[in-house]
Every structure is written in structure tokens, then in C-alpha cells.
Amino acid sequence: MILLDGKSTSNQIKEEIAVETKQLVDKGMRAPHLAAILVGSNGASLTYVNAKVKACAKAGFESTLVNLSEEISEEKLLQEIENLNTNPEIDGFIVQLPLPKHIDEQKVLMAVNPDKDVDGFHPTNVGKMALNLPTFLPATPFGILELLERYKVETSGKHVVVIGRSHIVGSPMSILMSQKRTAGNSTVTITHSRTKNLKEITLQADIIVAALGIPEFLTADMVKEGVTVIDVGITRIADDTKKNGFRLAGDVHFESVSKKSNFITPVPGGVGPMTIAMLLKNTLLAAKRRS
Ligand code: GUN
């Protein structure tokens, strides 16, 4: 079993980005600048956004965190987005999801200027992604492709089973893996909560992407020997023995599934850090496009 180490791989990518950034800055370009909008103070979202901001410093980027009240109106949030759209100092920005219930998520994502949409969530960028045109790929699927490539996991002609059809992970992942690309050319099955006989399908998978958000859902009896497993889940589970009161669990029962796997990502330290590295990669791309 080979661990797909997202932590060390993402550090390597961040180092590569830092080197390229320094070269650009030495040539007189202003450092790339990422902004993040966080609405409310959801513990997990706060952790993710802080990690994104911290990663910017490591890569030599500027960053701005816009922290807004949970009660902010949709109109005011749209105004904040417009401020970032028109601010020439900002190369790219993200709106951390989920948003409070009174705000229309789709309306918010559509308000982001596609040229600054480093999350790749705007319909224009989703469309380009689906057509395999150059664009900002959504950071989590992008990170998974990068991990598969760097570990030289064979994907061509392999059967990839994606569990979960979210707009952020499952849906784009299924599209990308079927495309003509280095980590791609796969035969893809996308499964979800209405899928019948899921186990019959996962048992046929060469590669499984678990992105459904149910802790330790994928168990050893559901996978064949030699499988590659990508665990996108990250759920906080109450645990009194931990200082912060919780532990992190993926969508995969790691202990049993890893025994049958050729390659597997851990949680934490797998897909999560890769997502952040690829967000930086997109931001660098946005900055380079600017000049
Ligand atoms: N919430 C969970 N994943 C993501 C992500 O990749 N981007 C944003 N903006 N919010 C998220």
C-alpha cells in the first residue's frame, strides 16, 4: 500500500509556486493577491479559510480575509463581491461555502467575475471545464488529478467510481476523469444517494473517489484488492479525548480499506492540503493573466 501523501506533495507544489512567484516579483510584477470572503463563523469554514490565507504567505502572495456577519443581507454580500470584482489589486477571490440559508448560493457564485473566480465555480468556468478548455479548475478535483499524476497512478482505461454528485467535487471529478488528459481517459461511473446496489459497482472500481460526506462509509467489503482510493470526506466527530473536542474522519474506513488498496489518501493530510495548493496555483494563473 502506498500512501498518497497530500501534505508533502502540497508542500512541494507550494514551494514550486513560491519560486515562480519570486521570479515574477523580481521582474517587477506585483505579488499575486487572493481574497477570501467568509460569512459567519462556522468552525470548519474558519479553519479552512485561515489555512488558505496562511498558505498565501508561504507562497509569497498577498491575501485579504473579508469576514462578514452571519446576518449579512444577500444584497450587501453581492456588493462586497462587486468591490472585489472591480478592485485592481485583487487577482482572484473565493466565497467560502456553505453560506447561510437566507442567501442564494447560485446567485452569489454567478456574481463573481469569471476572470477572478479561482474556485472555478462560475457557470462560465464550469462550462469551459466541461469542454476541456483552459480555465480555473475547481481546487479539490484539480488537487486529486495532481496527486494521481505525481504518484503516476495509471488512470487510462481504468474504471473510476465517484461517490457523490456535488457541484464542488463529485460532478466535476467525473467529467475531468473521463476527459483526454494525463490523469484521465478513464471509464467513469458517478453514483449518489439514489444509486441501487452501490457495492456491486464499487467492487468493479479500479479507482474510487469517495465524496459523499458520510464518515467511514466506504468499508473493505465494498472494494476489490489493488484498488486506488481517494477520500474527499472530512467530518468533525465529537471526541472527548482530543484537546479541541473532535477528531477528523474521512468517508473511508481507512484501517480496513487501506489493507486492500494499492494507493490511498489519508484524512487528514490527503486531499485537503492539495485543495489549498491548487487554489494558489489558480491564483498565480490569474495574476499572470493580468500582466
Ligand atoms: N467549501 C468546501 N470546499 C470549498 C471550496 O473548495 N471552495 C469554497 N469556496 N468553499 C468550499
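A few points on the structure.

The rules we used
- Residues numbered from 1 in each chain as written.
- Predicted model: local features only at pLDDT ≥ 70, side-chain atom pairs only at ≥ 80, totals over all residues.
- Heavy atoms only, no water.
- Buried < 20%, exposed > 50% of the residue type's maximum accessible area, 1.4 Å probe, protein only.
- Helix = DSSP H or I, 4+ residues; strand = E, 2+ residues; numbered from the N terminus.
- Contact = heavy atoms within 4.5 Å.
- 1 Å grid on protein atoms, 1.4 Å probe; cavity = no way out; pocket = protein on both sides within 12 Å on 5 of 7 lines; lining within 4 Å.
- Points joined across faces, edges and corners; volume = space filled by probe spheres on them.
- Nonpolar A, V, L, I, M, F, W, Y, C, P; charged D, E, K, R; others polar.
- Axes fitted to C-alpha atoms, helices over the stretch in contact; angles between N-to-C directions.
- Parallel < 35°, antiparallel > 145°, perpendicular 65-115°, else oblique.
- Left-handed = near helix turned anticlockwise from the far one by under 90°.

Comments concerning helix α7 (residues 170–178)
Restricting attention to buried positions, one finds in α7 the residues G170, P172, M173, S174, L176 and M177. Looking at the packing, one finds that the buried side of α7 touches α5 (123–130), α6 (139–150), β5 (159–163), β6 (187–191) and β7 (207–210).

A word on the environment of T182
Summarising the element assignment, T182 is placed in the loop between α7 and β6. T182 sits in the exposed class, given a relative accessible area of 65%. Sequence separation of T182 and E146 is 36 residues, and the distance between their C-alpha atoms is 9.4 Å. When sequence neighbours within four positions are dropped, the list of residues in contact with T182 reads E149 and T155.

Considering the layout of surface pockets
Where empty space is left becomes clear once a probe the size of a water molecule has been rolled over the atoms. In this model, the second largest pocket occupies a volume close to 230 Å³. Lining the second largest pocket are 16 residues, with G120, F121, V126, H167 and I168 positioned closest to its centre. Per-class residue counts for the lining of the second largest pocket are 10 nonpolar, 5 polar and 1 charged.

Description of the packing of α6 against α7
Following both chains from N to C, one finds α6 and α7 inclined at 40 degrees, their axes separated by 9 Å at the closest point. The angle between α6 and α7 places the two elements in the oblique class. Judged by the twist between their axes, the crossing of α6 over α7 is right-handed. Here P141, I144, L145 and L148 of α6 lie close against α7, whose contacting residues are P172, M173, L176 and M177. Here the contact of α6 with α7 is built from residues that sort into 8 nonpolar, no polar and no charged.

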